[in-house]
Amino acid sequence: METNKKRILSGIQPTGTFTLGNYVGAVRNWGRLQDEYECVYMVANMHAITVKQEPAKLRAQTREAAALLLACGIDPEKSILFVQSHVPAHAELSWVLGCSTPFGELTRMHQFKEKSAKHPEDINSGLFTYPVLMAADILIYNADLVPVGIDQKQHLELARNIAIRFNGNYSETFVVPDGYIPTTGAKIMSLQEPDKKMSKSDKNANSFVLMLDDKDTIIRKFKRAVTDSDGCVRACAEKAGVTNLMSIYSVFTGKTYAEIEAEFAGRGYGDLKLAVGETVADAFEPIQSEYKRILADKNYLDGVLKDGAERAARIANRTVNKVYKKVGFLQLDK
Ligand code: TRP
């Protein structure tokens, strides 16, 4: 996979099925980048254990996440798809990078503050050093671009600082990665509290749509979506709920807000909700059947992941070797 194409790396945690928000904000775009870039996509299972996970569930969800990525169009002929723990070099690089990351810098990470406030009973040091592992994920492939949502921007900034510092201390080693903000794909908000991002960890299951929800469930969740009392289908800041529905509809139909306003002129929110629900359910239906097919074909799926891990490890091991030499780890003759 040695080409002149720029390299992209991204990761997603295997903690439950992806939401509509994950799909629109991340996974849908991953598929589209595969021709223009050399893409490396990772199921970040090592990141997942920074909060308590049930082992059997994590194991199953890791395979499910990989199957869903494939169903969403990640093509193992074009891209590298692998599971993070299958490439031990990530953990190796993470240790070295951690030793040059100031404690103070990590204490400023918003996500650490939020997650430790949310799980006060389990503030483990992995949760604290997680951004260093994420930096290793990125730098180990010399990724040029990293598609991330706004919640990961600070971590990407840290990865850039880590790369710059290491290059300065030991000579040019890492590519300093840039964020990749896709030109399409809105941020999808909660259906119940439309000023909050849609999140699968929300206690109210009506606030998010999962990619594996069946058609009735999807439509029901949209029917219950919070709107306002104005009754007019129009996108604006004061109408966050309706705007969110319109934005979802726009993503899946390609229609502009003006076209959607015209389509629903003189009609109520009920019509809009039903249209959005049906559109989303129809878009997910073929992905869901592809997902089921892939998940049932264990040999194929595990073969893809094995091949992905080997290809990823070839790149990652080269980087770790270089780094080990630079920091002065003794090398023995082979
Ligand atoms: N931390 C990311 C998240 O929680 C997932 C992730 C892990 C990631 N490693 C990465 C994303 C490297 C981009 C690049 O969403």
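Predicted, not measured: the structure shown is a model, and the values here were computed from it.

Trainee: Outline the overall build of the protein chain, listing residues and values.
Mentor: Regarding its fold elements, the protein chain presents 13 helices and five strands. Since a compact globule built from 334 residues should have a radius of gyration of about 20 Å, the 21 Å found for the protein chain is in line with a globular shape. Counting only C-alpha atoms and orienting by the principal axes, one finds that the protein chain spans roughly 75 × 45 × 40 Å. In the protein chain, which comprises 334 residues, the proportion classed as buried is 48%. Residue pairs in contact within the protein chain that sit at least 24 positions apart in sequence constitute 74% of those at least 6 positions apart. Accessible surface, the protein chain: about 16100 Å² in total, of which carbon and sulfur atoms supply 52%. Mean positive and mean negative side-chain charge positions of the protein chain (43 and 41 charges, respectively) differ by 3 Å.

Trainee: Can you lay out the nonpolar core for me, pointing to particular residues and giving the numbers?
Mentor: If you look at soluble globular proteins, the nonpolar side chains tend to sit buried side by side. Leu20, Leu69, Phe222, Leu272 and Phe284 are the most contacted members of the largest nonpolar core, which has 58 residues in total. Ranked by residues supplied to this core, first place goes to helix H12 (residues 269-296) with ten residues. The residue makeup of this core includes at least three contributed by each of domain 1 (7-186 + 298-327) and domain 2 (205-291). Not counting residues up to four positions away in its chain, the partners in contact with Leu20 are Ile188, Met198, Val209, Phe222, Ile248, Phe252, Val280 and Phe284. Listed in part, the 41 residues of the second largest apolar core include Met42, Phe128, Phe174 and Ala312.

Trainee: Give a description of the domain arrangement of the protein chain that names residues and reports values.
Mentor: Domain annotation for the protein chain reports domain 1 (7-186 + 298-327) and domain 2 (205-291). The partner domain 2 presents 15 residues to the 13 residues of domain 1 that form the contact. Summed over both sides, the interface between domain 1 and domain 2 buries roughly 1200 Å², with carbon and sulfur atoms accounting for 80% of that surface. Taken together, the links from domain 1 to domain 2 amount to two residue pairs in polar contact (both at pLDDT 80 or more). Elements that contribute at least two residues to the side of domain 1 that touches domain 2 include exactly helix H1 (20-32) and helix H3 (55-71). Per-class residue counts for the side of domain 1 that touches domain 2 are nine nonpolar, two polar and two charged.

Trainee: Give a description of the pairing of strand E2 (residues 38-43) that names residues and reports values.
Mentor: Here E2 lies mainly inside the structure; six of its six residues are buried. The two faces of E2 match: Glu38, Val40 and Met42 on one face and Cys39, Tyr41 and Val43 on the other face are all buried. Sheet topology places strand E1 (residues 7-12) next to E2; six bridges connect them, and they run parallel. Along E2, the bridge assignment pairs Leu9 with Val40. Once the chain exits E1 it traverses H1 before rejoining the sheet at E2, and the crossover so formed is right-handed. Bridge count for E2 against strand E3 (residues 80-83) is four bridges, and the pairing is parallel. The residue of E3 that forms the bridge with Val43 is Val83.

Trainee: So what's going on with the pattern of salt bridges? Residues and values would help.
Mentor: One pass over the full model with this rule turns up 18 salt bridges. Between Lys255 and Glu263 there is a salt bridge; the shortest N-O distance is 2.8 Å. Through salt bridges with shared partners, a single ionic network connects Asp228, Asp230, Arg234 and Lys239.

Trainee: Any details on the site of the ligand? Residues and values, ideally.
Mentor: Near the ligand there are 14 residues, and of these Gln13, Tyr130, Met134, Asp137 and Gln152 occur at the shortest range. The side chain of Gln13 places a nitrogen or oxygen atom 3.0 Å from an oxygen atom of the ligand. Residue Gln152 places a side-chain N or O atom 3.3 Å away from a nitrogen atom belonging to the ligand. Compared with its free state, where it exposes 370 Å², the ligand has 89% of that area covered by protein. Listed by contribution, the elements that provide at least two residues to the shell around the ligand are E1 and helix H7 (125-139). At four residues, H7 tops the list of elements feeding residues into the shell around the ligand. A per-class count over the shell around the ligand returns eight nonpolar, five polar and one charged.

Trainee: Provide a residue-level description of helix H4 (residues 89-98), including the pertinent values.
Mentor: Within the sequence span of H4, burial applies to Ala89, His90, Leu93, Ser94, Val96 and Leu97. All buried residues of H4 fall inside an arc of 165° around its axis, so they share one side. Residues of H4 that are buried sit in contact with E2, E3, H7, helix H8 (153-170) and helix H13 (298-327).

Trainee: Provide a residue-level description of the packing of aromatic side chains, including the pertinent values.
Mentor: Aromatic rings in a pair are described by how distant their centres are and how their planes are angled relative to each other. What the rule picks out here adds up to twelve aromatic pairs. Among the aromatic side chains, those forming a connected cluster through ring pairs are Tyr23, Phe252 and Phe284.

Trainee: Describe the side chain of Ser207, with residues and values.
Mentor: Inspection of the secondary structure puts Ser207 in the loop between strand E5 (178-180) and helix H9 (215-223). Only 3.2 Å separates the side chain of Ser207 from the side chain of Asp202, close enough to count as a polar contact. If sequence neighbours within four positions are ignored, Ser207 has contacts with Ser190, Leu191, Gln192, Met198, Ser199 and Asp202.

About the cut-offs
- As a convention, each chain's residues are numbered from 1 in the sequence order in which they are written.
- Side-chain atom pairs in this predicted model are given and counted only at pLDDT of 80 or more, local residue features only at pLDDT of at least 70, and totals for whole chains, interfaces and linings cover all residues.
- For the side-chain quantities, the full set of heavy atoms in the structure was used; hydrogens and water were omitted.
- Helix and strand labels come from DSSP, where a helix needs a run of H or I of at least four residues and a strand needs a run of E of at least two; each type is numbered from the N terminus.
- For this measure, only C-alpha atoms enter the radius of gyration; the expected value for a globule follows 2.2 Å times N^0.38, where N is the number of residues.
- Only protein chains enter the accessibility calculation, which uses a 1.4 Å probe; a residue whose area is less than 20% of its type maximum is buried, one above 50% is exposed, and one in between is partly exposed.
- Only heavy atoms matter for contacts: two residues are in contact if any of them lie within 4.5 Å across the pair.
- For every accessible area listed, the method is Shrake-Rupley and the probe measures 1.4 Å; residues are considered covered only by the protein chains on display.
- Just so you know, the count uses Lys and Arg for positive and Asp and Glu for negative, and it drops His and the chain ends.
- Positions of charges follow a simple convention, taking NZ of Lys, CZ of Arg, CG of Asp or CD of Glu.
- Working definition of a nonpolar core: buried Ala, Val, Leu, Ile, Met, Phe, Trp, Tyr and Cys residues. They are joined through side-chain atoms within 4.5 Å.
- Marked domain ranges trace back to an automatic or database domain assignment.
- Buried area is understood as the total, over both parts, of accessible area removed when two parts are fitted together, assessed with a 1.4 Å probe.
- In protein, a polar contact requires one atom able to donate a hydrogen and another able to accept it; more generally it is a pair of N or O atoms within 3.5 Å, and residues adjacent in sequence count only if both atoms are side-chain atoms.
- Side-chain classes follow a simple rule in which Ala, Val, Leu, Ile, Met, Phe, Trp, Tyr, Cys and Pro form the nonpolar group, Asp, Glu, Lys and Arg form the charged group, and the remainder, Gly included, forms the polar group.
- Strands qualify as paired when DSSP identifies two bridges or more between them.
- With strands facing away from the observer, any crossover in which the path from the first strand over the helix to the second runs clockwise is taken as right-handed.
- Should a side-chain nitrogen of Lys or Arg be within 4 Å of a carboxyl oxygen of Asp or Glu, the pair is scored as a salt bridge.
- Working definition: residue near molecule or strand if any one of its non-hydrogen atoms lies within 4 Å of it.
- Working definition: the arc comes from the directions between the helix axis and the C-beta atoms, pointing outward to the latter.
- Here a Phe, Tyr or Trp ring, Trp counted by its six-membered ring, pairs with any other such ring whose centre lies within 6.5 Å, and the pair is stacked when the planes are under 30 degrees apart, edge-to-face when over 60, and tilted otherwise.

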